Amino acid sequence: MEKFDVCKLVRKNCLAFEPYVAGKPIETLKRELGLKHIIKIASNENPLGPSKKAIKAMKDVIKKVYFYPDFNSTDLKVTIANKFKLTPKNILVGAGSDELIEIIGKLFFTSSDEIVISKHAFIRYKMAVQLMASKSVVVSMKDGLTHDLNAMLKACNKNTKAVFIANPNNPTGTYNTAKEIENFLQKLPKNKYGMKPLVIIDEAYYEYASFKKDYPQTLKYLSKNPNLIILRTFSKIYALAGARIGYGFASQQVADYIERIRPPFNLNVFAQVAGVASLKDNNQVKRSFTHIRKEMKFVCDGLKKLKIDYIDSVGNFVLFSVAPLNGSDIFKKLLAEGVIVRAMGEYDLNNYVRVTIGTRAENQLFLNKLKKVLGK
Ligand SMILES: Cc1ncc(COP(=O)(O)O)c(C=O)c1O
């Protein structure tokens, strides 16, 4: 056979890419570990499940599956635009907000651009930057693991093309206030293009966080800040992670270009109808929010009893410290007990573990097993 070396063909900046490590499916783990009962509280999913209306809509559309989906996701965009009092031309849609993060990278980032990112921010920003051979400028967080927006401002220079802000952030669960975000948007310095850099505010956990009075309502900043892109998702409170539906808001100029490079059929037929139906079911959102706040308290009280430090979270997950132990050791021990959580090594938080708030039974089991593996 002729010699073939794929590494000579792969773009240099992609050679160091590691595959994204997602949690193993529960069925695979059951087989591997010989366990009957496994709970997965690792990926910030919503254990109460989606709107019944969304499930019905998906069932109803199955007969039409031989058709391509609407390439423009028109109904979904119109429904989102109406709900948030914008026009469909301001709306972005992606196969998860994850796809939108990548599309933004592909559209804007070049090898001479710098992208400012907070140190323990959601990891997919760094990956989008690496994909495009741009430079990540990583800024330390404040004490308490909140984005240090003043330090991020200082990190911006002529080469800064964009800044990512996850609000609230995953995995820390912390948030930046409206005042902080407003100050940040206002003080951003101009770059070599003579403009303020793009600011991508990722609000994947928006519905969980907005009970905080000082949490920003960023949509109202859009008209004065055409450099602002706001990302949301149906994967979290709407409990449709498996359907892959992300959305966002941007000025028409920005949205127009994102539309041009977006794959035409990126939202499948199930995703489109599920999104529309979900937005019309406020009760599902209310129920999920109430559940998470109540169960967040239950889990945090349990951690306190075990004398475990945790970071206050406005999301549906909580980051806790197992120092001086290693988070990945605790992850493995919990796994052997049938509890899947998430170690935080890839976030440079080696002594931390992140757990998603589950049902009461799942949360109780998690606390019992944590107590056991820590020998407390
Ligand atoms: C902060 C943040 N942004 C974006 C995403 C991606 O979500 P999705 O692609 O499912 O919309 C996640 C998923 O965990 C997240 O935590």
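Nothing here was measured: the structure is a model prediction, and the numbers come from that model.

Looking only at helices and strands, one finds 14 helices and 12 strands in the protein chain. Over its C-alpha trace the protein chain gives a radius of gyration of 21 Å, about what one expects of a compact globule, namely 21 Å for 376 residues. In terms of principal-axis extent, the alpha carbons of the protein chain reach across some 65 × 60 × 50 Å. Burial status across the protein chain gives 44% buried among its 376 residues. Restricting the contact set of the protein chain to residue pairs at least 6 apart, pairs at least 24 apart contribute 73%.

The strand order across the open sheet formed by three strands is 9-12-11, and the pairing between neighbours is antiparallel. What marks the edges here is a single partner per strand, and that holds for strand 9 (317-321) and strand 11 (342-343). Alignment of strand 9 against strand 12 (residues 352-356), held across five bridges, turns out to be antiparallel. Bridging from a neighbouring strand, Val-318 pairs with Val-355 of strand 12.

When strand 3 (residues 114-118) meets strand 4 (residues 135-139), the two strands line up parallel, connected through five bridges. The residue of strand 4 that forms the bridge with Glu-114 is Lys-135. In terms of handedness, the path from strand 3 via helix 6 (residues 124-131) over to strand 4 forms a crossover that is right-handed.

A few words on the site of the ligand. Around the ligand sit 13 residues in total, of which Gly-96, Asp-98, Asn-170, Thr-233 and Ser-235 are the nearest. The class makeup of the residues in the shell around the ligand is four nonpolar, seven polar and two charged.

Once that is clear, we can look at the environment of Lys-376. Along the polypeptide, Lys-376 turns up in the segment after helix 14 (360-373). In the structure, Lys-376 is positioned 158 residues away from Thr-218 in sequence and 44 Å away in space, judged by C-alpha atoms. Once residues within four sequence positions are removed from consideration, Lys-376 is found in contact with Leu-306 and Lys-371.

Between two packed helices, both the angle of their axes relative to each other and the distance between the axes serve to describe the pair. Their axes nearest at 9 Å, the elements helix 4 (residues 74-84) and helix 11 (residues 269-279) cross at an angle of 20°. Taken together, helix 4 and helix 11 sit at an angle that is classed as roughly parallel. With respect to the hand of their crossing, helix 4 and helix 11 are arranged in left-handed fashion. Along its contact with helix 4, which presents Asp-75, Leu-76, Thr-79, Ile-80 and Lys-83, the element helix 11 presents Gln-272, Gly-275, Val-276 and Leu-279. Of the residues contributing to the contact of helix 4 with helix 11, the split by class is four nonpolar, three polar and two charged.

Turning our eyes to something else, we now look at the nonpolar core. One finds Phe-164, Ile-200, Ile-229, Ala-274, Val-341 and Val-353 to be the most contacted residues of the largest nonpolar core, which totals 103 residues. Among the elements that take part in this core, helix 11 stands out by supplying six residues, more than any other. Looking at which domains feed residues into this core, each of domain 1 (6-36 + 283-373) and domain 2 (52-280) gives three or more.

Attention now moves to the domain arrangement of the protein chain. Looking at the assigned domains, one finds that the protein chain contains domain 1 (6-36 + 283-373) and domain 2 (52-280). Counting from both sides, the interface comprises 23 residues of domain 1 and, opposite them, 23 residues of domain 2. Sorting elements by how many residues they give to the side of domain 1 that touches domain 2 places helix 12 (residues 282-305) first, with five residues. The residue makeup of the side of domain 1 that touches domain 2, split by class, is 13 nonpolar, six polar and four charged.

So, on to helix 5 (residues 97-108). Helix length check: helix 5, at 12 residues, gives a terminal C-alpha distance of 16 Å against a target of 16 Å (1.5 Å per residue), a fit within 8%. Within helix 5 the residues assigned to the buried category are Ser-97, Asp-98, Leu-100, Ile-101, Ile-103, Ile-104, Gly-105 and Phe-108.

Here we come to the pairing of strand 5 (residues 160-166). Among the seven residues of strand 5, seven are classified as buried, and the element is accordingly described as predominantly covered. Here three bridges tie strand 3 to strand 5, and the two strands are oriented parallel to one another. Along strand 5, the bridge assignment pairs Glu-114 with Thr-160. Bridge count between strand 5 and strand 6 (residues 198-202): five bridges; the pairing is parallel. Considered in strand 6, the bridge of Phe-164 is made with Ile-200. As a crossover connection, the stretch from strand 5 through helix 8 (residues 178-187) into strand 6 is right-handed.

We now examine the sheet that holds strand 7 (residues 228-233). What the seven strands build is an open sheet, ordered 2-8-7-6-5-3-4; its pairing is mixed. Edge positions in the open sheet fall to strand 2 (91-94) and strand 4, since each of these has one partner strand only. Each neighbouring strand pair of the sheet contributes to a mean axis angle of 20°, computed without reference to strand direction. On the sheet, helix 6 packs against strand 3, strand 4 and strand 5 and is oriented at approximately 165° with respect to strand 3.

Conventions and cut-offs
Residues numbered from 1 in each chain as written. Predicted model: local features only at pLDDT ≥ 70, side-chain atom pairs only at ≥ 80, totals over all residues. Helix = DSSP H or I, 4+ residues; strand = E, 2+ residues; numbered from the N terminus. Rg over C-alpha atoms; globule rule 2.2 N^0.38 Å. Buried ≥ 20, exposed ≤ 12 C-beta atoms within 10 Å, placed from the backbone. Contact = placed C-beta atoms within 7 Å. Pairing = 2+ DSSP bridges. Right-handed = clockwise from strand over helix to strand, strands pointing away. Near = placed C-beta within 6 Å. Nonpolar A, V, L, I, M, F, W, Y, C, P; charged D, E, K, R; others polar. Axes fitted to C-alpha atoms, helices over the stretch in contact; angles between N-to-C directions. Parallel < 35°, antiparallel > 145°, perpendicular 65-115°, else oblique. Left-handed = near helix turned anticlockwise from the far one by under 90°. Core = buried A, V, L, I, M, F, W, Y, C linked by C-beta atoms within 7 Å. Domains from an automatic or database assignment. Expected span 1.5 Å × (residues − 1).

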